[in-house]
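Residue-level structural notes
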Amino acid sequence: MRRAPAIAVIVAAAALVGLLTYGIASSGTDTTIDSALARGERLRAPDMALPLLDSDATGSIADFRGKVVVLNFWASWCEPCKQELPLLQKTQRNLEGRNATLLGVDLEEPERDAMKWVRRYGLTYPSLRDLDRKLARDYGTTSYPETFVIDRDGRIAARQRGPVDQAWLDATLPKILAEKG
Amino acid sequence: MRAVRRPTLARRRRASALALVALLVLLATTAGRLAQVSSASAADTGAHATLVDIEDEVMCTQCGTVLNIAESLPADRQRAYISDLVAQGLTKDQIKERLVDQYGEGVLAMPRNEGFNRAVYLLPVLAAVMALGLVFVLARRWRRQAADEPHAGFSLDGGEALSEQDDRRLDAELAALDP
């Protein structure tokens, strides 16, 4: 009987340490997708219905099933995100007619701020609005911009942390576009 | 020489009553605070808003801190957006609704006091009550165990503690000696 309080204290202390450890571990960058890609594995792309920018409708990656989707997480308060927008719009023009599209995911900002930059660069590809960063969390995205290439089967085929450049796009897209699905 | 005496039943009952009063005071204080929060929310509905009113009740969602202490470009953008809404004459509640539309529920520093979110306010109280209850139960058990053990001090028969009956008899005899 005398051991019961001591055991309770030990269990409580262990639970607290476990909780602290989990909190520290989960606050770091999620490298699950990176690890899978490094092994040559393609994970199913997380998806959810989100509001579309400049629209009352919702959209999702599933709306583009059968197409290659270049998914780009961005925000207008993010300088590197804005700097890659012209290249992304150029890429969108190159993807037309190839059964592929850019899809932006705008993060945690008023619609008006994002639309200012959409109009400035004449972006013609759609953007989803990721309130609460739920989709970004599912992709393990903690800093911006980040870009994922999703193949025709809805699996993540490539990932770029930080801004994309022409060299990365040229090295990554052609082989994924060539896949039948 | 005096025998070692165990706490009387009256003293134990007094201790239990005190613990119960402490629990009731805690519950009453928390209920009062909850009512205060609810009435403050109700009062917000018609009040004219200012940026200062709002920025300590919303989060800079990128910074993970309350907006009034956040220093970053996203925080500045958020403040600019709130200032525009204030300039449009929206109330505090309306501005918070707009912020939730643009940034998600995570923009609120405190969850809304409705539905399942009430658990955020109630769970700490319940946890405190359960912890107090556990301390109370354990304290009683330890005292009972201590009472069951032989006392280290002097005892009449050289080794065993007084029984409750003997304890009462001794109290009565000592009381009889008082003038």
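Provided above is the structure to which this section pertains.
Remember, it's a predicted structure, so these values are computed and weren't measured experimentally.

1. Focus on the overall build of chain B
- In terms of regular secondary structure, chain B is built from six helices and two strands.
- Sequence-ordered secondary structure for chain B, helices as α and strands as β, is α-α-β-β-α-α-α-α.
- Every one of the 179 residues in chain B was classed for burial, and the buried ones make up 23%.
- By element, 62% of the accessible surface of chain B is carried by carbon and sulfur atoms, the whole surface being about 11,700 Å².

2. Observations regarding the packing of aromatic side chains
All names here are of chain A.
- Under the criterion given, the structure shown has five aromatic pairs over all chains.
- Note on W117 and Y121: the rings are 6.0 Å apart at their centroids and 25 degrees apart in plane angle, and the pair reads as stacked. Taken together, the residues span about one helical turn, with W117 and Y121 both in helix α4 (residues 111–121) at a distance of four residues.
- Taking the relative accessible area as the measure of exposure, Y121 reaches 32% and is therefore partly exposed.
- Grouped by ring-pair contacts, the aromatic residues F73, Y139 and F148 constitute a single cluster.
- Its guanidinium or amino end placed over the ring of W117, R120 lies 4.2 Å from that ring's centre, counting from NZ or CZ.

3. Description of the state of the cysteines
- All told, the structure shown has two disulfides over all chains when counted by the stated rule.
- Disulfide pairing places C78 of chain A opposite C81 of chain A at an S-S distance of 2.1 Å. Taking the sign of the S-S torsion, about 80 degrees here, the bridge from C78 of chain A to C81 of chain A comes out right-handed.
- Residue classification places C78 of chain A among the buried residues on the basis of a relative accessible area of 5%.
- Residue classification places C81 of chain A among the buried residues on the basis of a relative accessible area of 0%.
- Paired by a disulfide, C60 of chain B and C63 of chain B hold their sulfur atoms 2.0 Å apart. The sign of the 55 degrees torsion about the S-S bond sets the C60 of chain B-C63 of chain B disulfide as right-handed.
- Residue classification places C63 of chain B among the partly exposed positions, given a relative accessible area of 32%.

4. Thoughts on the environment of A80 of chain B
- In this fold, A80 of chain B is placed in helix α3 (residues 73–87).
- Separated by 29 residues in sequence, A80 of chain B and L51 of chain B place their C-alpha atoms 9.3 Å apart.

5. Points about the pairing of strand β7 (residues 156–161) of chain A
Residue and element names in this part refer to chain A.
- With five of six residues buried, β7 is to be regarded as a mostly interior element.
- Strand direction decides the pairing type here: strand β6 (residues 146–150) and β7, joined by five bridges, are antiparallel. In the strand pairing of β7, F148 is matched with R159.

Thresholds, definitions, all that
Residues numbered from 1 in each chain as written. Chains lettered and ligands numbered in written order. Predicted model: local features only at pLDDT ≥ 70, side-chain atom pairs only at ≥ 80, totals over all residues. Heavy atoms only, no water. Helix = DSSP H or I, 4+ residues; strand = E, 2+ residues; numbered from the N terminus. Buried < 20%, exposed > 50% of the residue type's maximum accessible area, 1.4 Å probe, protein only. Areas by Shrake-Rupley, 256 points an atom, 1.4 Å probe, with all protein chains shown as cover. Phe/Tyr/Trp six-rings, centres within 6.5 Å; stacked < 30°, edge-to-face > 60°. Lys NZ or Arg CZ within 6 Å of the ring centre and 35° of its normal. Disulfide = S-S within 2.5 Å. Pairing = 2+ DSSP bridges.

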